[in-house]
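# Survey of secondary and tertiary structure
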Amino acid sequence: MTRGELEEATPFRQVLLKVHSRCNLSCDHCYMYEHADQSWRHRPMVMSKRIIDTTAARIGEHAERHGLGAVVVILHGGEPLLAGAHTIDYTVRAIRRAVPKTTAIRYGLQTNGLLLDARFLDLFAQHGIEVGVSLDGDAEANDRHRRYADGRGSHTGVVPALRLLQSQRYRHLYGGILCTVDLYNDPVDVYEHLLGFEPPGIDLLLPHGNWTKPPPGRPDDQTQTPYAEWLISVFDRWINAPRRETRIRLFESIISLLLGGRTTSEAVGLGKVDLITIETDGAIEQGDTLKTTAEGAAATGLHVARNSFDEALAHPAIHGRQQGIAALSEICRRCPIVKICGGGLYAHRYRVDNGFVNPTVYSADMFRLIRHIAGRVALGLPVKGPVRGTGV
Ligand code: SF4
């Protein structure tokens, strides 16, 4: 990568820190433990103070070098609360010390909720850490996948955490609910169950899969779009509500893109990747979802003790993911909705024989969903006639 290319690269504005590499659940759809990459087996359980300090210094160095006005730091795992309050407190303080005062830091934490109590939330209130909780629906829906290793469901254990976040005392820390779509669950029932916890936002995630290992229930027949139908049921329920009950990032991003705006979801649009992941051992990696494709697919070979974030920006895989439409498959480049879909989530484009130069395995679903939403916002996109540009 030339110096000029580095100057033009989009700096990292989101840093995902794996403060703990294990989990107290054993969900069968987990991208960390249940897919191709098994690197978690060889990593330390908890991020050490030495790695935390070095990572904090790298964030500070990057923020200063690029004059960043703000960075987002996401505390993640495994289950980050297993790292304990002391480690989380230490991490947040170390980053604040290392980052220039002119750079605002927004902290987020994604948890399964089982350990989330008032003690943690008081600490989060002290540091302004926003919390997202994972829940896939009611007990039957959620517990089909989100179970303990001994088979017990987790729904009952998550409810108290969500009730705490709903309370007046902690409401300002409530980031929202992250829900993985399961075709076996009724979409409107799932949505309405989640609404019962008054989340400020819901993230609907498609289960991870790719052309080599297709997602559950994604048929080979590309005229069928079961995931689009599921999402459209939620979209129609959401958009037709008499008042806006919550935010749904995927739908809001698609609408924003249709109106010429930006996406806040990496699942759609042509936004440049600005997220970097630091594992508990200090390894610098690309997004976690790549772990669903092949062993080592998220690795860069870089480490916070040896390498700056600018060196990560120059890594061919990360550089490639900042090339927008030019990095997409020819099928996507010719697709009439490419600016909205963006080829889908990067990990979902994988095929063992040619890597990532493919449409997403959800191409047909994305086309159908976007066409439906475009029709709803009546923008006159080329959406009439048979489904085209589905990549197959
Ligand atoms: S071909 Fe499919 S994956 Fe590619 S942009 Fe179009 S809808 Fe999206």
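The present account deals with the structure reproduced in this document. (Residues numbered from 1 in each chain as written. Predicted model: local features only at pLDDT ≥ 70, side-chain atom pairs only at ≥ 80, totals over all residues. Heavy atoms only, no water.)

## Focus on unusual backbone geometry
Note the following rule: In this description a helix means any DSSP run of H or I spanning at least four residues, a strand means any run of E spanning at least two, and both kinds are numbered starting from the N terminus. Any residue under 20% of the maximum accessible area for its type is buried, any over 50% is exposed, and the rest in between are partly exposed; the area is computed with a 1.4 Å probe on protein chains only.
At the junction of G77 and G78, the peptide bond is cis and its omega measures out at 20° in the coordinates. A positive phi is found at E198, a non-glycine position, where the angle reads about 50°. Among the secondary structure elements, E198 is positioned in the loop between α7 (187–195) and β6 (201–205). With a relative accessible area of 44%, E198 lands in the partly exposed category.

## A few points about the sheet that holds strand β4 (residues 129–134)
Selection criterion: Pairing between strands requires that DSSP locate at least two bridges from one strand to the other. When checking whether two residues touch, look at their non-hydrogen atoms; a contact exists if any pair is within 4.5 Å. To obtain an axis, a line is fitted to C-alpha atoms, over the contacting stretch when the element is a helix, and the angle between two such axes runs from 0 to 180 degrees between their N-to-C directions.
Reading across from one edge, β7-β6-β5-β4-β3-β2-β1-β8-β9-β10 is the order of the 10 strands in this open sheet, with mixed pairing throughout. Strands with a single pairing partner mark the edges of an open sheet, and in this sheet they are β7 (247–248) and β10 (299–303). In this structure, β6 lies alongside β7, joined through 2 bridges in parallel fashion. Residue pairing for β7: G201 is matched across the bridge by R247. Packing against the sheet, helix α3 (residues 84–98) makes contact with β1 (14–18), β2 (70–76), β3 (104–111) and β4, and its axis sits at approximately 155° to β3.

## So, the packing of aromatic side chains
Aromatic ring pairs: the centre-centre distance and the angle between the two ring planes describe each pair. Put simply, the rule reads: Two rings belonging to Phe, Tyr or Trp (six-membered ring only in the last case) form a pair when the distance between their centres is within 6.5 Å. Interplanar angles under 30 degrees mark stacking, angles over 60 mark edge-to-face geometry, and anything in between is tilted. Here, over-ring charges are defined by two tests on the NZ atom of lysine or the CZ atom of arginine: distance to the ring centre within 6 Å, and angle to the ring normal within 35 degrees.
Following the criterion strictly, the structure yields 8 aromatic pairs and no others. Relative to Y362, the ring of Y227 has its centre 5.0 Å away and its plane inclined at 80°; by these criteria the two rings are edge-to-face. Here Y362 lies in the loop between α13 (338–341) and α14 (363–377) and Y227 lies in helix α8 (residues 226–239), a separation of 135 residues in the sequence. The same class applies to Y227 as to Y362, namely buried. One aromatic cluster is present, built from ring pairs that chain together F235, W238 and F251. Across from the ring centre of F120, 5.4 Å away, lies the NZ or CZ of R119, which sits over that ring.

## Description of the nonpolar core
Within soluble globular proteins, side chains that are nonpolar generally end up buried alongside one another. Quick reminder of the rule: As used in this record, nonpolar core signifies buried Ala, Val, Leu, Ile, Met, Phe, Trp, Tyr and Cys residues forming a set joined through side-chain atoms within 4.5 Å.
The biggest cluster of nonpolar side chains holds 97 residues, and the ones touching the most others in it are F124 and F251. The biggest single contributor to this core is α8, with 9 residues. When residues no more than four places from it in sequence are discounted, the contact partners of F124 are L81, I88, L109, L116, I129, V131 and L173. Within the second largest apolar cluster, 6 residues are counted, among which are L290, A298, Y346 and A347.

## Considering the pairing of strand β8 (residues 275–278)
The side chains of a regular strand alternate between both faces of the sheet. Pairing analysis gives 4 bridges linking β1 to β8, with the strands arranged parallel. Counterpart to V15 in the pairing with β8 is I276. In this sheet, strand β9 (residues 283–285) lies alongside β8 in antiparallel orientation, the contact comprising 2 bridges. In the sheet register, T277 faces β9, and the bridge partner there is E285.

## A look at a negative patch on the surface
Applied cut-off: In this analysis, a patch consists of residues with relative accessible area above 30% that form no salt bridge, clustered at 9 Å for like charges and at 5 Å for the nonpolar side chains Val, Leu, Ile, Met, Phe, Trp and Tyr. The Shrake-Rupley method, run with a 1.4 Å probe sphere, supplies the accessible areas, and residue values consider only the shown protein chains as cover. A pairing counts as a salt bridge when a side-chain nitrogen of Lys or Arg comes within 4 Å of a carboxyl oxygen of Asp or Glu. Residues scored as positive are Lys and Arg, those scored as negative are Asp and Glu, and His as well as the terminal groups of each chain are ignored. Each charge is placed at NZ for Lys, CZ for Arg, CG for Asp and CD for Glu.
A cluster of acidic side chains, namely D138, E140, D186 and D189, defines a negative patch on the protein surface. Along the polypeptide, E140 turns up in helix α5 (residues 139–142).

## Observations concerning the side chain of D365
Tracing the backbone shows D365 in helix α14. The class of D365 is buried, set by a relative accessible area of 2%. Not counting residues up to four positions away in its chain, the partners in contact with D365 are R218, T225, P226, Y227 and A228.

## Description of helix α4 (residues 118–127)
At 3.6 residues per turn, the α-helix brings residues three or four places apart onto the same side. Put simply, the rule is: Note: the arc covers the axis-to-C-beta directions of the helix.
F120, L121, L123, F124 and H127 are the residues of α4 that are buried. End-on, the buried residues of α4 take up no more than an arc of 155°, which puts them together on one face. Facing away from the buried side of α4, by more than 90 degrees, are the exposed residues R119 and Q126. Buried residues belonging to α4 abut α3, β3, β4 and α6 (155–166). Just downstream of α4, G128 is the residue with a positive phi angle, here 65°.

## Here's the deal with the pairing of β6
Here is the rule we go by: When the strands point away from the viewer, a crossover counts as right-handed if the route from the first strand across the helix to the second turns clockwise.
A large share of β6 lies buried, amounting to 4 of its 5 residues. Since β6 and β7 lie parallel, the crossover through α8 that links them has a hand, and here it is right-handed.

## Notes on the environment of V131
Secondary-structure assignment places V131 in strand β4. For V131, a relative accessible area of 0% puts it in the buried group. Each C-alpha atom, one on V131 and one on A118, is 13 Å from the other, the two residues being 13 residues apart in sequence. If sequence neighbours within four positions are ignored, V131 has contacts with L109, T111, L116, L121, F124, L165, L173, Y174, G175 and G176.

## Some points on the environment of Y107
This is how it is decided: Between N or O atoms, a polar contact is any pair within 3.5 Å; within protein, one atom must be a potential hydrogen donor and the other a potential acceptor, and residues adjacent in sequence are included only when both atoms are from side chains.
Tracing the sequence through the fold places Y107 in strand β3. What makes Y107 buried here is its relative accessible area of 5%. Taking the C-alpha atoms as reference, Y107 lies 9.8 Å from Q14; in sequence the two are 93 residues apart. Discounting chain neighbours no more than four positions away, the residues touching Y107 are V73, V92, I95, R96, H127, G128, I129 and E130. A polar atom in the side chain of Y107 sits 3.1 Å from the backbone oxygen of V92.

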